Structures are given as C-alpha cells and as structure tokens.
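Remarks on the overall topology
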Amino acid sequence: MATIERKLARLGVPLTEEQLIIATTARTFATWRLAAGAAERDRDGTFPSAEIHALGDLGLLAMKVPSEEGGAGTDNVGYMLAMEAIAETCASTAVVLASSNLAAKILSMHASAAQKARWLRPYVEGKLGPASFALSEPGCGSDAAALTTTARWAGDGWVLSGSKMWITSGAHAGFHLVFARTDGAGAGGISCFVVERGTPGLVVGKEEDKMGQRASGTVALHFDDCRLPHDHLLGERGAGYAIALSALGAGRVGIAALSIGLGEAAFAAGLAHARDRHAFGRPLADFQNTQFVLADCRGELDAAWLLALRAARLLDTGDKAAAETSMAKLFASEAAGRVVDRMVQLHGGMGYSRECIVERLYRDARVTRIYEGTSEVQRLVIARELLRESA
Ligand SMILES: Cc1cc2nc3c(=O)[nH]c(=O)nc-3n(C[C@H](O)[C@H](O)[C@H](O)COP(=O)(O)OP(=O)(O)OC[C@H]3O[C@@H](n4cnc5c(N)ncnc54)[C@H](O)[C@@H]3O)c2cc1C
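Residues numbered from 1 in each chain as written. Predicted model: local features only at pLDDT ≥ 70, side-chain atom pairs only at ≥ 80, totals over all residues. Heavy atoms only, no water.

1. Considering the site of the ligand
Near the ligand you find 17 residues, and of these Ser136, Ser142, Trp166, Thr374 and Glu376 are the closest. Within the backbone of Gly141, a nitrogen or oxygen atom sits 3.1 Å from an oxygen atom of the ligand. A distance of 2.7 Å separates an oxygen atom of the ligand from a polar atom in the side chain of Ser142. Coverage of the ligand by the protein chains reaches 64% of its 970 Å² of free accessible surface. Breaking the shell around the ligand down by element, the ones donating at least two residues are strand 3 (157–167) and helix 13 (375–389). Residue classes in the shell around the ligand are distributed as nine nonpolar, five polar and three charged. (Near = heavy atom within 4 Å. Polar contact = N/O pair within 3.5 Å; in protein donor to acceptor, adjacent residues only side chain to side chain. Areas by Shrake-Rupley, 256 points an atom, 1.4 Å probe, with all protein chains shown as cover. Helix = DSSP H or I, 4+ residues; strand = E, 2+ residues; numbered from the N terminus. Nonpolar A, V, L, I, M, F, W, Y, C, P; charged D, E, K, R; others polar.)

Printed below as a string of structure tokens:
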C-alpha cells in the first residue's frame, strides 16, 4: 500500500473501509500471486486462468456489483485503487479484470431478475470464470454504431451472424455480452445479447499474437447462425448501444488506473536503477538530467492519478462525468507511454532486454492509448462536452 498511502496522506483523502479492503486485497494478491509468473505469462502468452479464478473467489471479478447481488459492492474509487494495484504487477490480468467487471456491471444494471439468477449469480460465485464484452468488429471499432453483426428474429429465438474482433479473454469467458444489429442502421438498431460459452454456432477464433498484454487472451468471435433463446436479449430491443455506453465511463477510469499502475511499476524500476547504476564514477541519480526525468514522471503520474480520482468520485455521486472520465483515460494512458519510454532510456541497453521489466511495461503500455476508446476518441468526447457546455 506504500504508494497509495503516500498519495492519499498528502491529499488528506480518507478511504472508506470498503475501499481500503478492496485496495489492500488487490495489492496483497498482486504481490503474492501475480508477480512471480507475470514475465513468463507474457513470454508464453499464457492466460492467467488460475489467477483469475482466485480473483473471482476474492470478489474482484465483480467489484462493482452490489453486495445484495453477491458482488464486492465497491465504488469507483475502490475499483480504481484495485486496478492500479493489479496493473502494477500484471497488466494482462488487469485488463481481463477490466472487461469482466465491465460485463458484470452491465448485467447488474440491465438484466432481469431471471437473467441475474441465471448468469450473474453463478458469475459472482466464480463458477463462470471471466466474462467478455464483445462490441468491436473487424470493420469497426471507434465507430461502433456501424457494427454489422446481425441478430435475426426467427419466430422462437434469435440467430446471430457475423464476427467480433479483439475480444479480451474471449476464449476463456463463461459468457459474452454481444452487441448485434436487430433493426435499422445506426445506434438505435443495436441490441445486446448474452451468449454462453459453448453455444452451438459460436466459434472462437485464433488468439492474436500481440505486442503487449500478451496473456490477456484476445480473440475473434465468429457467429455462424448461432441460435439464442428469446430470453438472451439483455434490456430492450434497440437499447444495445445505450447499454454499451452505460458502463464505459467507469471502464475508462479503470483503464486510466491500469495505465497508472503500469507507469508506477516502470517508475519504481527506474528509480532503483538510477540509484544502483554508476557511470563516470557517480550513480545515475546524481546527474541532473536523470533528476529532471524522475521529476517529470512523478508529476505526470500524480496528475494522472488525481484526474482518475476526480472522475471516480464524480461517478460515485451519480454524475456521468463524460469529459472527466475521458480526460482521465487520455492523460493517464499518454502519461504512462511517456513514463515507460523514459524508463527504458534510463536503463540504457538493459532497458531493451527481455530480462528487464521495463521492456515488458513499454510494450504493455502502448495499447492503453488504443482500447476502451482511442486517444483521438477521448479528445472528441472532451471537446464535444466542453463545446456543449459553452454553447
Ligand atoms: C489488446 C486489445 C484488446 C481489446 N479488447 C476489446 C474488448 O474486449 N472488447 C471490444 O469490444 N473491443 C476490444 N478492443 C478493440 C478496441 O476497442 C478498438 O481497437 C478501438 O476502439 C479502436 O478501434 P479500431 O481498432 O477499429 O480502430 P479504428 O476505429 O479503425 O481507428 C483507427 C485510427 O483512426 C482514428 N479515428 C477513428 N475515428 C476517428 C475520428 N472520428 N476522428 C479522429 N480519429 C479517428 C483512431 O483514433 C485510430 O487512431 C481491444 C483492442 C485491443 C488492441
């Protein structure tokens, strides 16, 4: 807890007991269960199945599902602190948590009582493993409302056809939230479906050979006349796009926290290296350029953290915080990119070796500017909000 305690003590921000418990649980788990295997999982691209199962037992797969529904019942601040802690040790595990928690929160917000009994209850009990959120397609990501996967009503149920792409933990998820077109063009023609693992007609594609976050099990999902009973429709027909957006603000805070966790890990490695490594008879930390780099990184990581904290607290008051969640995600992911790059430089040749943690962090950080809304999309959201407010 050293980092979080330092940040909070300086701010005078008190944590609630629930926030402290979830943050401490995540940090302890990360230290004892995630750290040792993170480099090997990255090298082999091995999905952290046992670790995710254990995180499910601890309630971290359903952090924001209310306790009455069997979840951990934490708020967005608690979620942010937990995500930061997990990502400091293993970004792949953190992104699996992010997509699973997103899917669980959507089920909790939009499922009927019967659907919750069928999927949410076993999920929070850890019986379904992780969950996936399947919106992006080969032909569209940023412009998600242009999706072309269809769900056709066949009299007694739905028939899904099409493909999803880049689906985190798609090969391991117990269920997928799949967004498909049931009606006309545009956002209003999209509906959301629950597709269980192993449903006939659901074909899991090959795993992507990614630059970073290599253990997060990213796959394509193909729907080949995949038949679903009528009660697999989540929420109203045509409400799918609004359902997807309903949890994305909170998701962005999660990715901001993930980015900060990555950056903190790189910064800690860089700080230690600056003290240990000598050149020209002095530790690197004695050179003014090293000190400036460390100062810039510290300031940017703290600024990112404060933006994420502001967004999380606004969400916890019921505010949609569209601009603030986008600012947090944009700034934190870009700051993390700058921090990991500087820390590779500070390590010299070692920073370029697979034996050095900053090499993995450098690769892991890059995608945070792409998924859950690219940096450009975040800028569009921020600008749209500020122009709307100033009109
Ligand atoms: C490792 C990984 C995991 C992922 N996990 C998931 C997941 O679990 N579920 C899921 O649904 N998706 C997931 N994604 C998909 C991700 O959300 C998309 O890749 C992302 O939204 C960008 O979409 P795209 O790849 O289609 O790029 P495009 O939308 O084609 O964008 C290409 C470029 O054009 C820019 N651009 C696009 N439109 C505009 C505009 N209007 N103005 C300015 N610039 C623009 C973009 O910012 C980007 O730089 C994942 C992606 C990756 C890489």
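2. Section: empty space enclosed by the protein
Tallying each qualifying case throughout the model produces two cavities of 30 Å³ or more. In this structure, the largest cavity occupies an estimated 40 Å³ of space. Lining the largest cavity, in full, are Ala38, Arg41, Asp42, Cys90, Ala91, Ser92, Gln213, Arg214, Ala215, Arg360 and Asp364. Among the elements that take part in the lining of the largest cavity, helix 3 (residues 38–44) stands out by supplying three residues, more than any other. Put simply, the second largest cavity is a space of about 30 Å³. Gly56, Gly59, Leu60, Leu61, Ala62, Tyr123, Val124 and Gly126 together form the lining of the second largest cavity. Taken together, the residues of the lining of the second largest cavity break down into five nonpolar, three polar and no charged. (1 Å grid on protein atoms, 1.4 Å probe; cavity = no way out; pocket = protein on both sides within 12 Å on 5 of 7 lines; lining within 4 Å. Points joined across faces, edges and corners; volume = space filled by probe spheres on them.)

3. Overview of the pattern of salt bridges
Pairing is possible between side chains that carry opposite charge, provided their charged atoms lie close to one another. All chains considered together, the criterion is met by 19 salt bridges. A salt bridge links Glu88 to Arg27; its shortest N-O distance comes to 3.1 Å. Of this pair, Glu88 sits in helix 5 (residues 76–89) while Arg27 sits in helix 2 (residues 17–34); the two residues are 61 residues apart in sequence, bridging distant segments of the chain. Given the relative accessible area of 12%, Arg27 is considered buried. When the shortest N-O distance is used, the salt bridge between Lys116 and Glu69 registers 2.8 Å. One end of the pair, Lys116, is in helix 7 (residues 113–124); the other, Glu69, is in the loop between helix 4 (49–57) and helix 5, with 47 residues separating them in the sequence. For the pair shown, Lys116 and Glu69 are each scored as buried. What you see here is one network of salt bridges that share partners, running through Asp42, Arg354, Glu359 and Arg363. (Salt bridge = Lys/Arg side-chain N within 4 Å of Asp/Glu carboxyl O. Buried < 20%, exposed > 50% of the residue type's maximum accessible area, 1.4 Å probe, protein only.)

4. Digging into the state of the cysteines
Following the criterion strictly, the structure yields zero disulfides and no others. Just so you know, Cys140 is unpaired, no disulfide at all, and the nearest cysteine sulfur is the one on Cys192, 15 Å from it. What makes Cys140 buried here is its relative accessible area of 10%. Lacking any disulfide linkage, Cys356 is separated from the closest cysteine sulfur, that of Cys297, by 14 Å. Here Cys356 falls in the buried class, since its relative accessible area comes to 9%. (Disulfide = S-S within 2.5 Å.)

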